[in-house]
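Next come the chains, spelled out residue by residue.
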Amino acid sequence: MISYQWANQNLVRNIFQDLLIKNLSIWFDIWGHMEGCTYDAMATAIESSKVILVFLSNKYQESANCQLEFKYAGPRGKQFIFILVEDNINIEPWIKEHFDDSLKFEIKNLEDENIFENGVSRIQILAQAIRDVGSAQIVDDHDQYEISNEAIMVKEMLEDALDETDRQNNTSRFRHKM
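In this text the structure is predicted, and so the values were computed from the model without any measurement.

Draft legend 1. Spotlight on the pairing of strand 4 (residues 103-106). For strand 3 (residues 79-84) and strand 4, the ladder comprises 4 bridges, and the chain directions are parallel. Paired with F82 across the strands is K104, a residue of strand 4. Regarding topology, helix 6 (residues 93-99) serves as the crossover connection from strand 3 to the parallel strand 4, and that connection is right-handed.

And the structure:
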């Protein structure tokens, strides 16, 4: 799954396309994967992803939606790969615990994708890192049922937002049997 702030959409879209060419299955909101309720689509994307690509910027950290996505993914044991899209990012505490232990790449523009390290382009190294991190995940049966208070609060916020959307639209996200 790609998590980003919209100011970086052009860069993110190009990286998404390059990763698709490398046979990676990636959820990207503007590429036909955002259907129905925004929060439901986001939650489904996170739940079905092994790795979250975070295109990190100062604006990302200021975005309520980005913060909600990130805080929803963390307690679910999702692995993060950070793509730093600007210099001098002041890492916020809610990201720091995952940031320090995660892979990081600097891709601030399209030219950065093609920087070669030991004869391999950065985009190819990123693609392989996504494969490696995604395939290395092991679920510990004992830990998967422990939910932090923060995760419960984020879930409640999502539920409240969905309920309010239904109220405003005079709809229901639940099917009623007749």
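There's more to say after this.
Draft legend 2. Representation of the sheet that holds strand 2 (residues 51-56) within the structure. Read across the open sheet, the 4 strands follow the order 1-2-3-4; overall the sheet is parallel. Every other strand in the sheet has two partners, leaving strand 1 (2-3) and strand 4 as the edge strands with one partner each. The strands touched by helix 8 (residues 122-135) within the sheet are strand 2, strand 3 and strand 4, with strand 4 carrying the most contacts at an inclination of about 160°.

Draft legend 3. Layout of the packing of aromatic side chains. Tallied over the entire structure, the rule returns 7 aromatic pairs. Consider the rings of F82 and F99, whose centres lie 5.1 Å apart with planes at 65°: the pair is edge-to-face. Highlighted residues: F82 in strand 3 and F99 in helix 6, separated in sequence by 17 residues. Overall, F82 belongs to the buried group, its relative accessible area being 0%. Taken together, the ring pairs connect F70, F80, F82, W94 and F99 into an aromatic cluster.

Draft legend 4. Expanded view of the pattern of salt bridges. As enumerated under the stated definition, the model contains 5 salt bridges in all. Linking K96 and D100 is a salt bridge whose minimum nitrogen-to-oxygen distance equals 2.9 Å. When the shortest N-O distance is used, the salt bridge between R122 and E117 registers 3.0 Å. Its relative accessible area of 14% is what places R122 among the buried residues. Since its relative accessible area comes to 35%, E117 is described here as partly exposed.

Draft legend 5. Region of interest: the packing of helix 1 (residues 9-21) against helix 8. Look at helix 1 against helix 8: their axes get within 10 Å of each other, and the N-to-C directions meet at 70°. The orientation of helix 1 with respect to helix 8, classified from their angle, is roughly perpendicular. As helix 1 packs across helix 8, the resulting crossing turns out to be right-handed. Mapping the contact onto sequence places I15, D18 and L19 in helix 1 and I123, L126, A127 and I130 in helix 8.

Reading guide: rules and limits
- Residues numbered from 1 in each chain as written.
- Predicted model: local features only at pLDDT ≥ 70, side-chain atom pairs only at ≥ 80, totals over all residues.
- Heavy atoms only, no water.
- Pairing = 2+ DSSP bridges.
- Helix = DSSP H or I, 4+ residues; strand = E, 2+ residues; numbered from the N terminus.
- Right-handed = clockwise from strand over helix to strand, strands pointing away.
- Contact = heavy atoms within 4.5 Å.
- Axes fitted to C-alpha atoms, helices over the stretch in contact; angles between N-to-C directions.
- Phe/Tyr/Trp six-rings, centres within 6.5 Å; stacked < 30°, edge-to-face > 60°.
- Buried < 20%, exposed > 50% of the residue type's maximum accessible area, 1.4 Å probe, protein only.
- Salt bridge = Lys/Arg side-chain N within 4 Å of Asp/Glu carboxyl O.
- Parallel < 35°, antiparallel > 145°, perpendicular 65-115°, else oblique.
- Left-handed = near helix turned anticlockwise from the far one by under 90°.

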